[in-house]
Amino acid sequence: MIDAIIKWEREDGVRFLKRTGIKTGQTVLDFGARVGHYSIPAAFAVGPEGQVYAIDREQRDLNQLVRKTEALNLKNIKPVQTKGHVILDFDDASIDVILLYDVLHYLDKEKRKMLYREAYRVLKVDGWISVYPKHVIEDAPADQFRDLHWDDVKNEILNQNFQFQGKFCNTLSHDDFLIQGCVFNFFKIYHDTH
């Protein structure tokens, strides 16, 4: 399985993230990056002109990510350790894409709302979030999502000034394994205040 994960990070995942809309030169924030199963393909997808911020609270996982990026000679991933809070230490309108893959189920409803508000703040006018809502009722229910359907999560996001853009299904990385799953993209609804 390790070889399959390596191939996914370097090839299949890159193609998948490009299919979801990630482009060369973009700035991507991978929230809850762990060891980089999405940060690494995102770094390949955005190329050397782009930037990936890999955010996680576990320094051990970030250290492993650093070793992997060094072995791959990827210079466009910046690991960022947090204390587990959802406040994003980034400037307003500075990020193109935020990946929320397999992390939301760890947060209660209020923290999820706060994270969506922070995502809205740091996203550029045409920015978007991509969500992998693992562990809802339809997909191995666990933690804060054990009583939620995918539509419940979708409605939470829609209520925070985002518009549903599309669903992308394929082989995804989950806890060092490859599984079938879907991610859902939401564009920031921009309100011109002038």
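What comes next is a walk through the structure. Since the model is a prediction, treat every value here as computed from it, not as a measurement.

What to know about helix α2 (residues 39-46)
Owing to its 3.6 residues per turn, the α-helix aligns residues three or four sequence positions apart on the same side.
Piece 1. A large share of α2 lies buried, amounting to seven of its eight residues.
Piece 2. Buried residues of α2: S39, I40, P41, A42, A43, A45 and V46, and no others.
Piece 3. In this structure, the buried residues of α2 make contact with α1 (2-20), β1 (27-31), β2 (51-56), α3 (59-72) and β3 (77-81).
Piece 4. Where α2 ends, the next residue or the one after it, G47, has phi of about 70°, a positive value.

Digging into the layout of surface pockets
Piece 1. Put simply, the largest pocket is a space of about 570 Å³.
Piece 2. Lining the largest pocket are 26 residues, and of these G32, R34, D56, V103 and Y106 lie nearest its centre.
Piece 3. For the lining of the largest pocket, the residue count by class is ten nonpolar, seven polar and nine charged.
Piece 4. In this structure, the second largest pocket occupies an estimated 210 Å³ of space.
Piece 5. Lining the second largest pocket are 13 residues, with I5, I6, E9, H37 and K68 sitting closest to its centre.

Looking at the state of the cysteines
Piece 1. Under the definition given, this model contains one disulfide.
Piece 2. Disulfide pairing is shown between C169 and C182; the S-S distance is 1.9 Å. Taking the torsion about the S-S bond as the criterion, the C169 to C182 disulfide, at about 100°, is right-handed. Of this pair, C169 sits in strand β6 (residues 162-174) while C182 sits in strand β7 (residues 177-188), and the two are 13 residues apart along the sequence.
Piece 3. For C182, a relative accessible area of 19% corresponds to the buried category.

Overview of the pairing of strand β5 (residues 123-132)
Piece 1. Counting buried residues in β5 gives seven out of ten residues, a clear majority hidden from the surface.
Piece 2. In this structure, strand β4 (residues 95-101) lies alongside β5, joined through six bridges in parallel fashion. Each bridged residue has a counterpart across the sheet, and for L99 the counterpart in β5 is S130.
Piece 3. In terms of handedness, the path from β4 via helix α4 (residues 109-122) over to β5 forms a crossover that is right-handed.
Piece 4. Across four bridges, β5 lies against β7 in antiparallel orientation. Looking at β7, one finds that W128 is bridged to F187.

Points about the environment of G47
Piece 1. Among the secondary structure elements, G47 is positioned in the loop between α2 and β2.
Piece 2. On the accessibility criterion, G47 (10% relative accessible area) is buried.
Piece 3. Distance from G47 to I87, taken between C-alpha atoms, is 27 Å for residues 40 residues apart in sequence.

Describing the packing of aromatic side chains
Piece 1. Within this structure, the stated rule accounts for ten aromatic pairs.
Piece 2. Linked through ring pairs, W8, Y38, Y101 and Y132 together constitute an aromatic cluster.
Piece 3. We note K154 situated over the ring of F164; from NZ or CZ to the ring centre the distance is 4.3 Å.

Focus on the sheet that holds β5
Piece 1. The mixed open sheet is built from seven strands, whose spatial order is β3-β2-β1-β4-β5-β7-β6. The open sheet has two edge strands, β3 and β6, and neither has a second partner. Within this sheet the neighbouring strands show an average axis-to-axis angle of 20°, counted without direction.
Piece 2. Here β2 pairs with β3 via five bridges, running parallel. Directly across from V52, in β3, lies its bridge partner I77.

A word on the side chain of D30
Piece 1. Mapped onto the secondary structure, D30 falls in strand β1.
Piece 2. Here D30 sits buried without a salt bridge, and the closest side chain of opposite charge, R34, lies 9.8 Å off (N-O distance).
Piece 3. Here S39 takes part through its side chain, which lies 2.6 Å from a polar atom of the side chain of D30.

Rules and cut-offs
- Residues numbered from 1 in each chain as written.
- Predicted model: local features only at pLDDT ≥ 70, side-chain atom pairs only at ≥ 80, totals over all residues.
- Heavy atoms only, no water.
- Buried < 20%, exposed > 50% of the residue type's maximum accessible area, 1.4 Å probe, protein only.
- Helix = DSSP H or I, 4+ residues; strand = E, 2+ residues; numbered from the N terminus.
- Contact = heavy atoms within 4.5 Å.
- 1 Å grid on protein atoms, 1.4 Å probe; cavity = no way out; pocket = protein on both sides within 12 Å on 5 of 7 lines; lining within 4 Å.
- Points joined across faces, edges and corners; volume = space filled by probe spheres on them.
- Nonpolar A, V, L, I, M, F, W, Y, C, P; charged D, E, K, R; others polar.
- Disulfide = S-S within 2.5 Å.
- Pairing = 2+ DSSP bridges.
- Right-handed = clockwise from strand over helix to strand, strands pointing away.
- Phe/Tyr/Trp six-rings, centres within 6.5 Å; stacked < 30°, edge-to-face > 60°.
- Lys NZ or Arg CZ within 6 Å of the ring centre and 35° of its normal.
- Axes fitted to C-alpha atoms, helices over the stretch in contact; angles between N-to-C directions.
- Lys, Arg positive; Asp, Glu negative; His and termini not counted.
- Salt bridge = Lys/Arg side-chain N within 4 Å of Asp/Glu carboxyl O.
- Polar contact = N/O pair within 3.5 Å; in protein donor to acceptor, adjacent residues only side chain to side chain.

Read these as spatial facts, not as claims about activity.
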